[in-house]
Amino acid sequence: MDALTVHRLHFAFTVTFHYLFPQLTMGLAFLILVLKTMALRTGDGHYNRAARFWTRVFAINFALGVVTGIPMEFQFGTNWARFSRAAGGVIGQTLAMEGVFSFFLESSFLGVLLYGEKRLSPRAHWFAALLVCIGAWLSGFFIIATDAWMQHPVGYEVGNQGEILLTSFWALLFNPWCFWQYLHNMTGSVVTASFVMAGVGSFYLLVRRHEAHGRTFVRLGVIAGTVSSLLMIFPTGDGQGKNVAFHQPATLAAMEGLFRSEKGASLAILGQPDVEERRLDNPLTVPNALSFLTYQAWKAEVKGLDEFPRDRWPDNIPLLYYSYHIMVGLGTVFLAVMAVSALALAGGALYRMRRLLWVLMLMLPFPYIANTAGWITAEVGRQPWLIYGLLRTPEGSSQRISPGNALFTLIGFMGLYTLLGMLFLFLVYREVEHGPEEA
């Protein structure tokens, strides 16, 4: 492998492993705030104990997110030095704000949330939960704003030395791409947290331990999961899809396996893209659906890959196509599972339906797969550009790092992260085994 390939694999591995933690952190911060609100309104200590349990899980998850997140920013200098030199004046703004504002806000008040309950009034402790949630969601915003600028650069000019200079700070923060991407990402984090909470609650009900808390976890998880799964599809998924359609049409064509432009383009449910033959094998399609979803007109023309030069096609069309369809397919499954569970919950039968509880428990890992597939779709879809339309990926990598050196550090990261993953699972297992505190 050449150095560029190893650099790409290195960052792909570290960012994929890292995002296993923030997606739970951001969604769980919101659900903890809901539990603290219920405790404040009802005065029932049951909800405080539930919030305390999930705060401990949150803290473990947050710590692993910090440990795995810091090395990524160093990689901008070690593996992607030319990208940092070119765009550091832009992305440095949002990355610094994420660290200085949101990270310190979240981490400081997480300490208050963990250790200040007996020292603060109920309202003050609720306020700490609110600030933790705001910090987590602000963190997501600044990271998404950074990625959105790479997807759709705005508010910049190119200097005499080829460096990219920020001309409008507000254009960076209010990038039109950022709006739907941020909402889509955050609802995805709530989906993850909802399935985790419902899964743990289902486990407690199935083994007949901590059943009162199990019912609370299942109820909150199903309600939040139903709403967030619906929002993932519409309007946030629809809005993000339109971002891609209008600003990265070649990416949309590759995601859908559309090799030739069509009026009344069909939506591919299944199929295998054959890039050499420029066709979709064994397709299962819905006629005219892609045209309608994209342009709200059944016979609208959707551009295929034949409209674009080959060097502007995404680098890995099969990976992009399959990751996109995995994300969409799982999102549909999430909505179906949560809708059935919500109906059973409304009828008062969910807690006794062991098969459905098994389904909720076994669904726990799948939101992680869906969120990972979604980010693969976004990042592979942007290729062959690091900054869309401005900087190609080969032009951003470090030139003085040999393939051997990069591969050595990648193997080291894989080993270290394996140990960290085992430690995380062990610590969370201990918390689940211990369960919420008894009255």
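The following refers to the structure shown. The numbering scheme is per chain: residues are counted from 1 as the chain's sequence reads. Two thresholds apply to this predicted model, a pLDDT of at least 70 for residue-level local features and 80 or more for giving and counting side-chain atom pairs, whereas whole-chain, interface and lining totals are computed over all residues. Where side-chain values are given, they derive from all heavy atoms of the structure, hydrogens and water being excluded.

Take helix α1 (residues 3–18) next. The first and last C-alpha atoms of α1 sit 22 Å apart over 16 residues, in line with the 22 Å expected at 1.5 Å per residue. Using a 1.4 Å probe on the protein chains alone, a residue whose accessible area is under 20% of its type maximum counts as buried, one over 50% counts as exposed, and one in between counts as partly exposed. Counting from the N terminus, the helices are the DSSP runs of H or I reaching at least four residues and the strands are the DSSP runs of E reaching at least two. All of the buried residues along α1 are A3, L4, V6, H7, H10, T14, F17 and H18. Any helix carries an expected span of 1.5 Å times its number of residues minus one.

This paragraph deals with the nonpolar core. As used in this record, nonpolar core signifies buried Ala, Val, Leu, Ile, Met, Phe, Trp, Tyr and Cys residues forming a set joined through side-chain atoms within 4.5 Å. L28, L35, F53, W54, F58 and M197 are the most contacted members of the largest nonpolar core, which has 74 residues in total. Ranked by residues supplied to this core, first place goes to helix α3 (residues 45–78) with 11 residues. The next biggest cluster of nonpolar side chains, apart from the first, holds 19 residues, and it includes F195, L330, F334 and V337.

This part takes up empty space enclosed by the protein. Cavities and pockets are defined on a 1 Å grid built over the protein atoms alone: a cavity is a set of grid points where a 1.4 Å probe fits but cannot escape, while a pocket is an open set with protein on both sides within 12 Å along at least five of seven lines, and lining residues are those with an atom within 4 Å of any such point. Grid points are joined across faces, edges and corners, and a volume is the space filled by probe spheres set on the points. Counted under the stated rule, the structure contains 1 cavity of 30 Å³ or more. One number sums up the size of the largest cavity: a volume of about 30 Å³. Taken together, A245, P249, L252, A253, Y295, V302 and K303 make up the full set of residues lining the largest cavity. In terms of residue count, the dominant contributor to the lining of the largest cavity is helix α10 (residues 249–256) (3 residues). In terms of residue class, the lining of the largest cavity is built from 6 nonpolar, no polar and 1 charged. Three residue categories are used. Nonpolar comprises Ala, Val, Leu, Ile, Met, Phe, Trp, Tyr, Cys and Pro, charged comprises Asp, Glu, Lys and Arg, and polar comprises the others, including Gly.

Here the focus is unusual backbone geometry. A cis geometry characterises the amide bond from F234 onward to P235, with omega recorded as 10°. With respect to the secondary-structure elements, P235 resides in the loop between α8 (211–233) and α9 (236–247). Residue P384 is bonded to the preceding Q383 through a cis peptide linkage, with omega at 15°. The topology assignment puts P384 in the loop between α14 (366–382) and β7 (385–387). Backbone geometry at H210 places phi at a positive 50°, although glycine is not the residue there. You can see H210 is positioned in the loop between α7 (176–207) and α8.

Turning our eyes to something else, we now look at helix α15 (residues 403–434). For α15, built from 32 residues, the straight-helix expectation of 46 Å at 1.5 Å per residue is met to within 8% by its first-to-last C-alpha distance of 46 Å. Taken residue by residue, α15 has A406, L410, Y417, L420, G421, F424, V428, E431 and V432 as its buried positions. Any two residues whose heavy atoms approach within 4.5 Å at even a single point are treated as in contact. Looking at the packing, one finds that the buried side of α15 touches α1, α3 and α7. The positive-phi residue at the C-terminal boundary of α15 is G435, with phi of around 80°.

Our focus in this paragraph is the environment of R382. Within the secondary structure, R382 is located in helix α14. Under the relative-accessibility criterion, R382 is labelled buried at 4%. Linking R382 and Q151, residues 231 residues apart in sequence, is a C-alpha distance of 6.5 Å. Here a polar contact is taken to be a pair of N or O atoms separated by no more than 3.5 Å, where protein atoms must pair a possible hydrogen donor with a possible acceptor and residues adjacent in sequence count only if both atoms sit in side chains. Among the polar contacts listed, one links the side chain of R382 to the side chain of E379, at a separation of 2.5 Å. A polar atom in the side chain of R382 sits 3.1 Å from the backbone oxygen of W385.

Further remarks concern the side chain of S194. Mapped onto the secondary structure, S194 falls in helix α7. A polar contact of 2.7 Å, which involves the side chain of S194, links it to the backbone oxygen of V190. Non-local contacts of S194, meaning those with residues more than four positions away in its chain, are made with L31, G221, A224, G225, S228 and M338.

Moving on, we get to the layout of surface pockets. Unoccupied space between atoms shows up once a probe the size of one water molecule is rolled over them. Considering only enclosed or pocket space, the largest pocket measures out at about 1,600 Å³ in volume. Those elements that place two or more of their residues in the lining of the largest pocket are α1, α2 (22–42), α3, α4 (81–115), α5 (122–151) and α14. Among the elements that take part in the lining of the largest pocket, α3 stands out by supplying 9 residues, more than any other. Residues belonging to the lining of the largest pocket are distributed by class as follows: 26 nonpolar, 16 polar and 8 charged. Its boundaries defined by the atoms lining it, the second largest pocket holds a volume of some 1,200 Å³. Lining of the second largest pocket is provided by 46 residues; of these, H184, G237, Y324, M327 and V328 occupy positions nearest its centre. If you list the elements that add at least two residues to the lining of the second largest pocket, you get α7, α8, α9, α10, β4 (267–274), α11 (289–295), α12 (317–346) and α14. In terms of residue count, the dominant contributor to the lining of the second largest pocket is α12 (10 residues). Of the residues in the lining of the second largest pocket, the class split is 23 nonpolar, 20 polar and 3 charged.

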